[in-house]
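Chain by chain, the residues:
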Amino acid sequence: MVIFYAIYEFCVILPLALAATIITSIITAVGCMCGFGKFMGYWPGVMWSKFICAICLCPYKVVGREKIDKDTSYIFVPNHQGAFDIFLLYAGLNHSFRWMLRKGIRKIPAVGYACDKAGHIWVDERGASGMMHTVRQALKTLQGGTSIIVFPEGTRTLDGHLHRFKKGAFTLAAMLRMPVVPITIEGPYHVMKKGSFLIRPHRMKITIHDPLPAVTREEGNDAGVERLLHSSQRVIAESLNEPVQQ
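Residues numbered from 1 in each chain as written. Predicted model: local features only at pLDDT ≥ 70, side-chain atom pairs only at ≥ 80, totals over all residues. Heavy atoms only, no water.

(A) A look at empty space enclosed by the protein. Scanning the model with the defined rule gives one cavity of 30 Å³ or more in all. Taken as a whole, the largest cavity holds about 60 Å³ of empty space. For the largest cavity, the full set of lining residues is Asn-79, His-80, Gln-81, Glu-153, Thr-157, Gly-160, His-161, Leu-162, Leu-240 and Glu-242. (1 Å grid on protein atoms, 1.4 Å probe; cavity = no way out; pocket = protein on both sides within 12 Å on 5 of 7 lines; lining within 4 Å. Points joined across faces, edges and corners; volume = space filled by probe spheres on them.)

In structure tokens, the structure reads:
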């Protein structure tokens, strides 16, 4: 069975996925340049991801979608299991969002240009000045129910377990006075592990948790960041039924 799927992956999935990625990038870039950024910056990615999940034979389930309001902007903070997190979140969340991306993605032909035109946020790592630049980008994006997704672990897990969260996403949430929505992702680790290009069909699941209230001026940014970080980490760990790894 593994051999048959490997042949299917090489002969069917890879060429179809490459073609779909190029077509989606072109449609996204052209649509955004024509003034339809709010729609074209998100929905082509949704259809692309649904297609990828379908041809990879990876079904998914979404729990808790009713907890988020389509007209409200949030900062979504999911755990990071693997490369298929991207397809799963696009396909299943059903809420307009943009990614926080590392600048290296800009170098990918077609994809980087499309991400730039779609309004995804490039992480600026120049310390305090970089954070303020990122905040200004985020303020332009968070309009009319458009949200942001940030992976607070910073990178994909190597062992399939939840690792400690970094403060960046929650500092941004505190500075923007934005509610945070923890999201538990299950399954993508088994579909494609970090460092591997082999796909293994597996069921995937998104669990959307209750939004955490935005940080208030009375609470203070430092206390607010700690509250958001620990609350998000705790609820995701409980959902996974596992401790947080060092």
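(B) Just the layout of surface pockets, in detail. When its volume is computed, the second largest pocket comes out at roughly 260 Å³. The wall of the second largest pocket is formed by 14 residues, among which Gly-119, His-120, Gln-137, Lys-140 and Thr-141 lie closest to the centre. Residue assignment for the lining of the second largest pocket shows that the elements contributing at least two residues are α5 (111-118) and α6 (127-141). Class assignment of the residues belonging to the lining of the second largest pocket gives a composition of two nonpolar, seven polar and five charged. (Helix = DSSP H or I, 4+ residues; strand = E, 2+ residues; numbered from the N terminus. Nonpolar A, V, L, I, M, F, W, Y, C, P; charged D, E, K, R; others polar.)

(C) The packing of helix α1 (residues 2-33) against α5, seen in detail. Across the interface, α1 lies against α5 with an axial gap of 8 Å and an inter-helix angle of 35°. Handedness of the α1/α5 crossing: left-handed. Contact residues: α1 offers Thr-21, Ser-25, Thr-28, Ala-29, Cys-32 and Met-33, while α5 offers Val-111, Tyr-113, Ala-114, Lys-117 and Ala-118. Taken together, the residues of the contact of α1 with α5 sort by class into seven nonpolar, three polar and one charged. (Axes fitted to C-alpha atoms, helices over the stretch in contact; angles between N-to-C directions. Left-handed = near helix turned anticlockwise from the far one by under 90°. Contact = heavy atoms within 4.5 Å.)

(D) View of the pattern of salt bridges. On inspection of all chains with the given rule, the structure shows six salt bridges. A salt bridge links Asp-71 to Lys-70; the nearest nitrogen and oxygen atoms lie 3.5 Å apart. Judged by its relative accessible area of 60%, Lys-70 falls in the exposed class. Between Glu-219 and Arg-227 there is a salt bridge whose closest N-O contact spans 2.6 Å. (Salt bridge = Lys/Arg side-chain N within 4 Å of Asp/Glu carboxyl O. Buried < 20%, exposed > 50% of the residue type's maximum accessible area, 1.4 Å probe, protein only.)

(E) Quick peek at the packing of α1 against helix α3 (residues 43-55). Contact geometry for α1 and α3: axes closest at 10 Å, N-to-C directions at 175°. Here α3 runs roughly antiparallel to α1, going by the angle between their axes. In this structure, α1 uses Tyr-8, Ile-13, Leu-16, Ala-17, Ala-20, Thr-21, Thr-24, Ile-27 and Thr-28 to contact α3, whose residues at the interface are Pro-44, Gly-45, Trp-48, Phe-51, Ile-52 and Ile-55. Its residues assigned to classes, the contact of α1 with α3 comprises eleven nonpolar, four polar and no charged. (Parallel < 35°, antiparallel > 145°, perpendicular 65-115°, else oblique.)

(F) Molecular detail of the sheet that holds strand β4 (residues 121-122). As summarised here, the arrangement of the seven strands in space is β1-β7-β6-β2-β5-β3-β4, forming an open sheet in which the pairing is mixed. Looking at strand neighbours, the two that pair on one side only are β1 (60-63) and β4, the edges of this open sheet. Where helix α7 (residues 168-176) meets the sheet, its contacts fall on β2 (75-78), β3 (97-101) and β6 (180-186), and the angle it forms with β2 comes to roughly 165°. (Pairing = 2+ DSSP bridges.)

(G) View of the nonpolar core. The biggest cluster of nonpolar side chains holds 37 residues, and the ones touching the most others in it are Cys-56 and Phe-84. When residues of this core are traced back to their parent elements, those giving at least two are α1, α3, α4 (84-93), β3, β6 and β7 (204-208). The leading source of residues in this core is α4, at six residues. Excluding its chain neighbours within four sequence positions, the residues that come into contact with Phe-84 are Ile-52, Cys-56, Pro-188, Val-191, Met-192, Ile-199 and Met-204. (Core = buried A, V, L, I, M, F, W, Y, C linked by side-chain atoms within 4.5 Å.)

(H) Representation of the packing of aromatic side chains. Summed over all chains, the structure comprises 14 aromatic pairs. On the basis of an interplanar angle of 70° and a centroid distance of 4.9 Å, the ring pair of Tyr-42 and Trp-43 is categorised as edge-to-face. Take Tyr-42: its relative accessible area is 0%, and that puts it in the buried class. According to the relative accessible area criterion, Trp-43 is partly exposed, its value standing at 32%. Here the aromatic residues Phe-39, Tyr-42, Trp-43, Trp-48, Phe-84, Phe-87, Tyr-90, Phe-97, Trp-99 and Phe-151 are joined through ring pairs into a cluster of three or more. (Phe/Tyr/Trp six-rings, centres within 6.5 Å; stacked < 30°, edge-to-face > 60°.)

(I) Geometry of the side chain of Asn-79. Its location among the elements puts Asn-79 in the loop between β2 and α4. When its relative accessible area of 2% is taken as the criterion, Asn-79 is described as buried. A distance of 2.6 Å separates the side chain of Asn-79 from the backbone nitrogen of Ile-185, its partner in a polar contact. Ignoring anything within four residues of it in the chain, the contact list for Asn-79 reads Asp-85, Phe-151, Glu-153, Leu-162, Ile-183, Thr-184, Ile-185, Ile-236 and Leu-240. (Polar contact = N/O pair within 3.5 Å; in protein donor to acceptor, adjacent residues only side chain to side chain.)

(J) Structural detail: a nonpolar patch on the surface. On the surface, a nonpolar cluster with roughly 570 Å² of combined accessible area is contributed by Leu-18, Ile-22, Ile-26, Val-30, Met-33 and Tyr-113. Considering each element in turn, the nonpolar patch owes the most residues, five residues, to α1. Its location among the elements puts Leu-18 in helix α1. Classification of Leu-18 as exposed rests on a relative accessible area of 55%. (Patch = residues over 30% accessible without salt bridge, like charges linked within 9 Å, V, L, I, M, F, W, Y side chains within 5 Å. Areas by Shrake-Rupley, 256 points an atom, 1.4 Å probe, with all protein chains shown as cover.)

This is a description of form; function is not addressed.
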